[in-house]
Structure formats: C-alpha cells, structure tokens
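Spelled out from the first residue to the last, the chains are:
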Amino acid sequence: MYSKISAHFNKETADPRYFQILYLGSFLFYGLCFLGWDGDAIKYIAIFASAIVTQMVFSYFTTKQYSSVKSALITSLGLSLLLKTGTIETAILASVFAISSKFLIRVNHKHLFNPANFGIVAAILLTNDAWVSPGQWGSSVLLWFIVGAGGLMMILKVGRIDTSITFLLVFGALLFIRHVIYLGWEPQVWLHKMSNGTLLLYAFFMITDPMTTPNHIKARILWSSLLGGALFVLSTFFYVQTAAIWLLFGVSLLTPIFDKLLIATKYQWNNLTASTINNPNQTT
Amino acid sequence: MKKVILTLMAIASVGQLAMAFCGFYVAKAGADLYNNKSEVILVRDGSNTTITMSNDFSGNVKDFAMVVPVPNVLDRSDIQIADRSIFQMLDAYSAPRLVEYYDYNPCGLPMPSMMDVSMEKESTTKMATYTALKDNFKYKVTIEAQYSVEEYDIVLLSAKDASGLKRWLVDNGYSIPAKAEHVLEPYIKSGLKFFVVKVDLNKYNPKANGGFLRPLQIKVKSDKFMLPIRLGMANSVGEQDMIVYAFSKRGRVECTNYRTVKMPTDNLVPTFIKPKFGTFYTDVFKNEYRKVGKNAVFLEYAWNVTPTFNGMKCDPCVGNPPYTREITMAGVPWANQNGVTTFFTRLHVRYTLDKFPEDLFFQETPNTEMYQARYVITNPATGDLSCAEGRVYQDKLRLRRRKELIELASLARWNTDSYYDYIAHGTDKVRSNKAKETDHNSKNINVPFWFFGKGSTPHKGLFLLVFGMLIVYSVKRLKLTLVKG
C-alpha cells in the first residue's frame, strides 16, 4: 500500500507539469485576488472546460491516453493569465483552437505552436473582442524575484533554462544599450521595462515549452536569441506593444528547421521514457 | 440583512433607470481638489493621435511657455485652439459620483425613489518662461516650422544635442528647469521634435475667456500612443495628478507599461458623506493609490458615447453626456460619421519620478464594458416607524449603518470611531473633538482585517504567494521524506 503511494508520488514529482500547474495557478490566484483583474468566473470555467473537453475528444480519436489533461490545464492557465476578452464565446474559441493546434498542426511528432500562444493569436485574429494587457502585472522588483524564482524551479525540472536565460540576456542587453547607454535614460527606466510581469511570465513559462522549442541546446540558444532580438526591434522601433505574442508564433515556425539541422533527443514529459530520435522518420 | 439591502438596492435601481438623465447636483466639490494637476484629451484614430492640453496657467501670461516633445513636425493645420469648456464638460460628465437613494417607510406610504449626484473635479499647470527667438546655428537647433496661432506663438524645433537645445531655450528666454537637459537628451536621440509655445502679448486679450489661456489641440502621427510625462517631472518634487480623457473607435484605452486599475465602485457609504463628497473621494483615491504601490493608472469612467448610440450615456449622469458637437470639439474626427463607435475612457494618474520612471504608453482595447466610479448613500425612511415591520426595519437600518461605517473606514481610511451616533440616530455628529476624520495613524477599530478581496494590496498578495508556495513545497518535501522513511 505504502509503496503504491510512494510510486505515485515519485511519478508525480518527476513530472514538471505539476509544478507548472502549481505556479501558473498561484499567479492566476494572485492576479485575481490582488491585482484586481476582472474575476468573471464563468469565463475561466469556460476556458478550462472547453480545453479539457477538446483534449479528451482528440485523445479519444488518437492516442486514447487521457493523462495529457495536465497539458490542457496548463494551456488553460496560460490562456487565463494572458488573454483578455469580453465574451465567453471568444474564451471558448481560444481554448478550442489552442488544444486543437496541438493535435492538428504537428511537424516531426511535435506540435508546432505553443498552444496557449496559438489560442491567443487565433482569438485576436478571428474575433474583434480579444486582447492582451501587457501592463496588467505592473512592474515590481519583488515580482521579478518571485516569478523568477518560481520559474527557475520549474524550468530546472523541465531543463529549458537555457531558453529563458538567453532570451532575457539578449533582450535585456539590447534594451540596456538602447535606452541607458545610447538614449541616456536612467537605469530605472531599463529596470522598469525588464521587471514587467508579463515579460517575465513570457520568458519563464511561455517560451520554455519543451514541445515547441528546438531539441538541441545550440538550436535553442539561437532560437531564443532570435526571439529576444526581434522582440527588442519590434517593441523599440515599431512600437508593437504585444509583439511577444506574434513573435513566438512566428519563431515557432523555425523550430522544425532547427530540429532538422541539429538533431537531438526529443523531450519527454516523463524523462524515464525519453528516447532518442536519431532518425526523424522513426516513430516514438 | 444583506438580502434586505439587496432588495432595497434593486428597487432603487429601477428608479435610477427612469431617472438616468435627470440627475442633479447636491454637492459640487470644485476644481481645486488636487493641487498639482493637468488634464489631457487623447483621441486615437489609427496611428493619429489628437492631444488637447488644458491650460490653467494663472500667472503673468508673458511668463507662460510650454515645451512638448512630439513625434513629427506639425503642419499648421495640425494645430488648433480648443474651447476651455470642453474640459469642464468632460470632467463634469465623467467625474466620480455620489448617488442617493431613499428607503421606503414600511409602516406608511412609500416614498418615491430619488437620487442626487455630486461630483469632483481637477485641472492643469505647466510652465516655463519666454521671450524671442533668433539665430540657431551655434545651438545645433533647427527651426522646422513657426506658426502664429491666434494668441500663441509656436515654434517646432529639432535638435542635435540636449545642451544646445537647452542653451537655445534659455537664451530665448525660457527658464528651463535645471534637470531638464537630462530628460531632453533621450527625446532628441529618439528623433522627437519639440513643440514650443509662448503667448503673443499683442494678440492676447486678458479679458477674453475668463482670463485663462485657451487649450491647444495638436494632431500627431505616430504608431506610438503615449504621453511624455517625464519632461514635466524634471523640476517637480512630489506628486502630480493627471486626468486623461481618451476617445477611441474600439473600446477602452488602457496603459501598457503600468497597471490600469479600476477605482472601487458601488460601495454603500454613510449619508453624512453627502456634503463632503469631494474630501471623501480624494481620500478614497489617496488610499487606493497607496494600496497599488503608487504606480498604477486608475480607471474612473468608461462608456460608449457614440452620438447615435441609443443606450444610456451614464448611470446616473453627473453632467450632460457629450454629443456630436462636444465630441468634435474634443478632437474626434469621426464624430459625424454614422456607424462609427466613439468610446470614452477617463483615466486618473498620480505620478512621481521614482514610481513613474517611464512615459505613459497606451493601447486601445476592444473592451467596451461600461464602468463608472460611483458611491451610494441611502436615506432612511421617515415618519412613524412604530409598527412591527418598522421596528424590524430599524434594526436592519442600524446594521446597515454599521456596515456603511466599516466601508467608509476601509475605503477612505476615515476614523469612524467617533461617528457612533450615526448607527443609532443617523447623525454625523462627531462625539470627540480629538478625533480627526482623516487621521490615518489613529487606531481604527472599524477597519476589517481582510486578506482577500478588492481591498488587498499587491504586496500583501506577494507575501501570501511566497508563503503559500513555501507551504506547498514543505508539504511535498515532508511527504517525500515520509515515503522514503
């Protein structure tokens, strides 16, 4: 009996998705309770319910494995944290598109887009009722610390720390050169931009998805540098304030190319069963 | 008890619907609520932004000067003089409001539901000094354009470096704040031009427009939707208030680099608030400002004001809603077009240099949810209340008043200890002279200790978040140890 619990627990702790759910969940809680976000419960329920139902339906027709409900939960949390919308229909649309993209848009046995990101992009493009609020977290150094520490714990488990660090270093360095060294603003201006909660959440949670980042570490470093550089250019010179969402969508298209050029182990949520794809045609 | 209040509210709301367009003022807290304030109208249309800056300069007009960083060199047609009254009109329409309801006498004839409205207001200050302008070669300053717009002399400058621009401004008689050079530099390097204004004393008529300078309305073209607040902070110590009236075709305008937070609304507060609503709201604002860590933008009003929109334009109206004429005056180019939505947002920001290191950036959102900062007082029933229902009513009334005092204490941080007569008698007599309404340091037994809900501060939240994570983490560790053991 005891060993059963033990086995279950070890398995649980081995799966970083539990940590992801815990952290994203606590940020949602924080936003709703302390940052005064619109607490429209039905909208959140709609996001979660439609994500789980979509996941179940696709699982039924494909793998018949229902453990990936965890992933649906993470996607729903991501959507709840980032997507703002006035109607439940839009929330459901985003959720259904997000999960469907995982099953329908696949290259090399990996889904191409970060599901939450895909859902947000779909909602913004297809409805006239969805938006993201880059300022919703405010900028607080304390928040930096917490999102950072939480994110770090999570991605150390996932092993995608390189993506976050590279992205933040590239983006931060470019921003520092432009705003502090060239334009001559005080370092506080830079700090204010860098401690934006949305940026941190994006760096630690959105772009560290092992399924939509390249498999090889060198490819990931290149991939996230590209993302950081492009985000800097778009936000600084073209004033696209929601550039991060669009860029992740665009850069995701490069992931299969990187995977083709630099072959490495495909990530498995449960690393005990990780297998090497030496031959891209080999199924896992 | 709660149910009864809800019922009373529901009845009152019906009256309110009918009364929506005929609210009247009981108390008008005037334009002097905030000391250091400015008002701006922003109209966003694609990548065009029309900015109207209020002008409450009250010194000698020959000392008046204004320097505004703008993204491009403006044409003459991009500069207009606006009517001062548009600010008063928009302020009156969108100011936080106090609504008044009356309870029914359960023992006698019901009183008609009525409501009153009161409001609060604000205005602008911006300055520097001025004389004439001449050669500019040595300053590395280029005069890109020069216009005379009624009583204003306007110069559009581009500069190569901040010290040159500063010398040019000083030599031409503008007393630029000592620290301004530091702020001018990043603006110059970002390619911004400078819109420099002084008053042409020959054309200025001190008797016109109540002795005030008229607001300037400029149209700029840029993908950047922002307000440069940094220049205004170069020399200012302490807090400055700014009210932004924003018009958009889509929906609400929100800030993208600071949080946009709604003011608390629909709170039931004691009846004695009525004559001092201005002070009350100022204190509510001060309290909220403190709670958000002094670096957020507040939403005070959001409504669809499309002239052809048939719904209510406010609920209840503090002032007349803006129609085509006023919306056009505010600089909205599409006011006469049919089928185009005009959405209005009122934002209130109190900024200081340490908490607002960056200029304010905005975005239009498709959020068309209406919102207003509204506070409610409910007058008790009058007449004979000796019947059984009347006695029940009186018990409930006392409970309600207690709750209203708690609300007052937590919203505005007033010390409500000395208002205990209010619960039994509904009076606002303060029993002890020692007690001061706005004494923030005094112990206040009525402040409820809430951890959750709208009233909690983000810092408290962060603390809880860390604490919660620690607990979860410890529990996990503990369980693992148990399992291993």
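Report follows, based on the coordinates. All figures in this text were calculated on a predicted structure; none of them were measured in a lab. (Residues numbered from 1 in each chain as written. Chains lettered and ligands numbered in written order. Predicted model: local features only at pLDDT ≥ 70, side-chain atom pairs only at ≥ 80, totals over all residues. Heavy atoms only, no water.)

**Regarding the overall build of chain B**
Each helix and strand in chain B was counted, giving nine helices and 21 strands. Within chain B, buried positions represent 55% of all 485 residues. By element, 55% of the accessible surface of chain B is carried by carbon and sulfur atoms, the whole surface being about 21,000 Å². (Helix = DSSP H or I, 4+ residues; strand = E, 2+ residues; numbered from the N terminus. Buried < 20%, exposed > 50% of the residue type's maximum accessible area, 1.4 Å probe, protein only. Areas by Shrake-Rupley, 256 points an atom, 1.4 Å probe, with all protein chains shown as cover.)

**Some remarks on the sheet that holds strand β10 (residues 193–199) of chain B**
Residues and elements named next belong to chain B. Ordered by their spatial adjacency, four strands build an open sheet running β4-β10-β9-β8, and the pairing between neighbours is antiparallel. Both edges of this open sheet fall to β4 (65–70) and β8 (141–149), since each of them pairs with a single strand only. Going from strand to strand, the sheet's axes swing by 20° on average, the running direction of each strand aside. (Pairing = 2+ DSSP bridges. Axes fitted to C-alpha atoms, helices over the stretch in contact; angles between N-to-C directions.)

**Thoughts on the nonpolar core**
Membership of the largest hydrophobic core comes to 74 residues, with the highest contact counts inside it found for F195, L216, F280, L360 and Y375 of chain B. Tallying contributions element by element places helix α5 (residues 277–291) of chain B first for this core, with six residues. When neighbours within four sequence positions are excluded, F195 of chain B is seen to be in contact with M66, V67, V68, V70, L74, I79, I154, V155, L156, L216 and I218 of chain B. Core analysis: the next-biggest nonpolar cluster, separate from the first, contains 60 residues, Y23, V121, A130 and L227 of chain A among them. (Core = buried A, V, L, I, M, F, W, Y, C linked by side-chain atoms within 4.5 Å. Contact = heavy atoms within 4.5 Å.)

**Observations regarding a nonpolar patch on the surface**
Residues and elements named next belong to chain A. Taken together, V53, M56, V57, Y60, F61 and Y66 make up a surface patch of nonpolar side chains, about 610 Å² in accessible area. Its place among the elements puts V57 in helix α3 (residues 41–61). Exposure remark for V57: the relative accessible area of 40% places this residue in the partly exposed category. (Patch = residues over 30% accessible without salt bridge, like charges linked within 9 Å, V, L, I, M, F, W, Y side chains within 5 Å. Salt bridge = Lys/Arg side-chain N within 4 Å of Asp/Glu carboxyl O.)

**Details of the pairing of strand β18 (residues 343–351) of chain B**
Residue and element names in this part refer to chain B. When you tally the buried positions in β18, you get nine out of nine residues, the bulk of the element. Here β18 shows no split at all, with F343, T345, L347, V349 and Y351 on one side and F344, R346, H348 and R350 on the other all buried. Pairing analysis gives seven bridges linking strand β17 (residues 296–304) to β18, with the strands arranged antiparallel. Paired with V297 across the two strands is V349, which belongs to β18.

**Points about the pattern of salt bridges**
Pairing between side chains becomes possible if they bear opposite charge and their charged atoms approach one another. Residues and elements named next belong to chain B. Taken as a whole and assessed by the stated rule, the structure comprises 20 salt bridges over all chains. For D266, the salt bridge is made with R374, and the minimal N-O distance between the two is 2.6 Å. On the criterion of sequence distance, the pair formed by D266 in the loop between β15 (259–262) and β16 (267–268) and R374 in strand β21 (residues 374–379) is long-range, its members being 108 residues apart. Of the residues examined, R374 reaches a relative accessible area of 6% and is grouped as buried. Taking the shortest distance from any N to any O, the salt bridge between R400 and E404 comes out at 3.4 Å. Linking R400 with E404, this pair stays in helix α7 (residues 388–412), spanning four residues, or about one helical turn. One salt-bridge network, in which partners are shared between bridges, spans D91, E300 and R346.

**Some details on helix α2 (residues 16–34) of chain A**
The end-to-end C-alpha distance of α2 of chain A is 27 Å, a good match for the 27 Å that 19 residues give at a rise of 1.5 Å each. Where α2 of chain A ends, the next residue or the one after it, G36 of chain A, has phi of about 65°, a positive value. (Expected span 1.5 Å × (residues − 1).)

**Digging into the environment of I177 of chain A**
If you trace the backbone, I177 of chain A turns up in helix α8 (residues 161–182). Considered as a pair, I177 of chain A and W190 of chain A are 13 residues apart in the sequence and their alpha carbons are 9.6 Å apart.

**As for the packing of α3 of chain A against helix α5 (residues 88–104) of chain A**
Residue and element names in this part refer to chain A. Between α3 and α5, whose axes approach to 8 Å, the crossing angle comes to 30°. With respect to α5, the element α3 is oriented roughly parallel. Both α3 and α5 take part in a crossing whose hand is right-handed. Between α3, through I42, K43, A46, I47, S50, A51, T54, Q55, F58 and S59, and α5, the contact on the second element is made entirely by I88, A91, I92, S95, V96, I99, S100, K102, F103 and L104. A breakdown of the residues in the contact of α3 with α5 according to their chemical character gives 12 nonpolar, six polar and two charged. (Parallel < 35°, antiparallel > 145°, perpendicular 65-115°, else oblique. Left-handed = near helix turned anticlockwise from the far one by under 90°. Nonpolar A, V, L, I, M, F, W, Y, C, P; charged D, E, K, R; others polar.)

**Quick notes on the packing of aromatic side chains**
Here the distance between the centres and the angle between the planes together describe a pair of aromatic rings. Per the counting criterion, the structure on display carries 34 aromatic pairs over all chains. For the ring pair F29 of chain A and F34 of chain A, a centre distance of 6.4 Å and an interplane angle of 75° mean the geometry is edge-to-face. For F29 of chain A, a relative accessible area of 39% gives the class partly exposed. Their ring planes at 75° and their centres at 5.0 Å tell us that Y93 of chain B and Y301 of chain B sit as a pair that is edge-to-face. Residue Y93 of chain B is located in helix α2 (residues 85–94), and its partner Y301 of chain B is located in strand β17; the two are separated by 208 residues in the primary sequence. According to the relative accessible area criterion, Y301 of chain B is buried, its value standing at 0%. Each member of the aromatic cluster is reached from another via a ring pair, and the members are F27, F29, Y30, F34, W37, W137 and F205 of chain A. When the ring centre of Y422 of chain B is taken as origin, the NZ or CZ atom of R401 of chain B, which lies over that ring, is 5.3 Å away. (Phe/Tyr/Trp six-rings, centres within 6.5 Å; stacked < 30°, edge-to-face > 60°. Lys NZ or Arg CZ within 6 Å of the ring centre and 35° of its normal.)

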